[in-house]
Amino acid sequence: MPLVSMRQLLDEAAKGGYGVGAFNVNNMEQIQAIMEAARETKSPVIIQASRGARSYSQDKFLYHLMLAAAELYPEIPLVMHLDHGNSVETCKSAIELGFTSVMMDGSLMPDGKTPSTFDYNVQATREVVEMAHVKGITVEGEIGVLGGIEDGHGAGGSGLEHVTDPDQAVEFVAKTGVDALAIAIGTSHGAYKFSRKPDGAVLKMDRLIEIHKRLPKVHLVMHGSSSVPKELQDVINQYGGKLKPTWGVPVEEIQLGIRNGVRKINVDTDNRLAITGAIRKVFAESPEKFDPRDYLKPAREAMKQVVATRMKQFGQAGHAADYQPVSLTAMAKMYAQKAVGA
Ligand code: G3H
Ligand code: 13P
Ligand code: ZN
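Colleague: Summarise the side chain of E142; cite the residues concerned and give the values.
Modeller: Structurally, E142 can be placed in strand β5 (residues 138-143). Summary of buried charges: E142 has no salt-bridge partner, and the nearest side chain of opposite charge, K264, is 8.8 Å away. Within the structure, E142 has its side chain in polar contact with the side chain of S107 (distance 3.4 Å). Leaving out residues up to four positions away in the same chain, E142 has contacts with H84, M103, M104, D105, S107, N121, F172, A182 and H223.

Quick look at the structure:
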């Protein structure tokens, strides 16, 4: 199956009332882990690459690995998505490379740190929507600012400083025509999201529900959605790691989100934890080993287990064969027939 647009996957997810995990990758083993989990659970899937991932992998390598995934797993609808594009230029280069979906994160300035103005966000996102939709490519925008910093990307803070304003969300969607909308509800990127199991004071699910009521047809996106399970922390710490106690987003809160318009759920940290724990275990238990396959295989398997579990929990499992791919050309025609982008 060719790489497909994210809009098609999310429209189908909305029809079926389920969510789709969007998993970050930097290398072949992570792509293999996701594709094996997708095959095992019969799931459509979104694979995403950040700017950091693109530079780490020389993104052409990543692109060709994605083409290999599409060829080797023809039964799986597969999206290649740019995570947190920091500028119109970054989105443009992703589109030129062959990504079928891009995120224009205009909630921050191009430095990836400074919160932007509403007007800047609208203007940059609208520009990307115009550029992408003529090619049938999906656009995710963000309104409100997440907390935390990953690989230099992020405003820092707890995630509660710039929780999404529902009025702004409505205006942003109307003015930009985005296909999917990332909102800030108190989550942050990375392992250190919450210092206790989150409740409504720090994880604003009520805000998400309010936004969904105002924008019932918009596909909402939850970033910073790793659950940071204690079991994964424990493996790392048991084998010499030094993670401080921390809490992520409980899966039941994500499931509440899915019942209220969340269609895309971004997960990176849980997979990083699984990979690191598996590698540490091999290093600690078999210090004589030096063939990278001896630790990359268990690492890949550990990530596959996490991804397969999330696919079942988000409800995408079993939906890979529900639909035939719509070509990007047909998607472009669909956009052209509508007055405004979406
Ligand atoms: O946006 C956050 C993702 O976890 C990607 O992280 O920028 O370190 O690749 P990264
Ligand atoms: P986590 O750090 O919670 O996995 O979030 C990943 C993310 O939002 C990528 O955009
Ligand atoms: Zn994110």
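Colleague: Help me get a handle on the sheet that holds β5, residues and values and all.
Modeller: Reading around the barrel, the 8 strands line up as β1-β2-β3-β4-β5-β6-β7-β8 and close back on themselves, with parallel pairing between neighbours. Across the sheet, the axes of successive neighbouring strands diverge by a mean angle of 25°, strand direction being ignored. Sheet analysis places strand β3 (residues 78-85) next to strand β4 (residues 101-104), joined by 3 bridges and oriented parallel. Residue pairing in the sheet places H81 in a bridge with S101 of β4. The strands touched by helix α6 (residues 118-133) within the sheet are β4 and β5, with β5 carrying the most contacts at an inclination of about 175°. Helix α10 (residues 251-258) rests against β7 (219-222) and β8 (262-267) of the sheet, and its axis sits at about 150° to β8.

Colleague: Before we move on, could you go through the pattern of salt bridges and cite the residues and values that matter?
Modeller: Enumeration over the complete set of coordinates arrives at 19 salt bridges. The closest approach of N and O atoms between R196 and D199, which form a salt bridge, is 2.9 Å. A relative accessible area of 36% places D199 in the partly exposed class. A salt bridge links K281 to E285, with the nearest nitrogen and oxygen atoms 3.4 Å apart. With K281 and E285 both in helix α11 (residues 269-285) and 4 residues apart, this pair spans about one turn of that helix. One salt-bridge network, in which partners are shared between bridges, spans R7, D11 and D179.

Colleague: Outline unusual backbone geometry, supporting the account with residue identities and numerical values.
Modeller: Even without glycine at this site, K42 takes up a positive phi of about 55°. Structurally, K42 can be placed in the loop between α2 (28-41) and β2 (45-49). Positive phi, close to 50°, is recorded for Q58, a residue that is not glycine. Inspection of the secondary structure puts Q58 in the loop between α3 (51-57) and α4 (59-72). By relative accessible area, Q58 is classed as exposed at 53%.

Rules used throughout
- Residues numbered from 1 in each chain as written.
- Chains lettered and ligands numbered in written order.
- Predicted model: local features only at pLDDT ≥ 70, side-chain atom pairs only at ≥ 80, totals over all residues.
- Heavy atoms only, no water.
- Helix = DSSP H or I, 4+ residues; strand = E, 2+ residues; numbered from the N terminus.
- Buried < 20%, exposed > 50% of the residue type's maximum accessible area, 1.4 Å probe, protein only.
- Lys, Arg positive; Asp, Glu negative; His and termini not counted.
- Salt bridge = Lys/Arg side-chain N within 4 Å of Asp/Glu carboxyl O.
- Polar contact = N/O pair within 3.5 Å; in protein donor to acceptor, adjacent residues only side chain to side chain.
- Contact = heavy atoms within 4.5 Å.
- Pairing = 2+ DSSP bridges.
- Axes fitted to C-alpha atoms, helices over the stretch in contact; angles between N-to-C directions.

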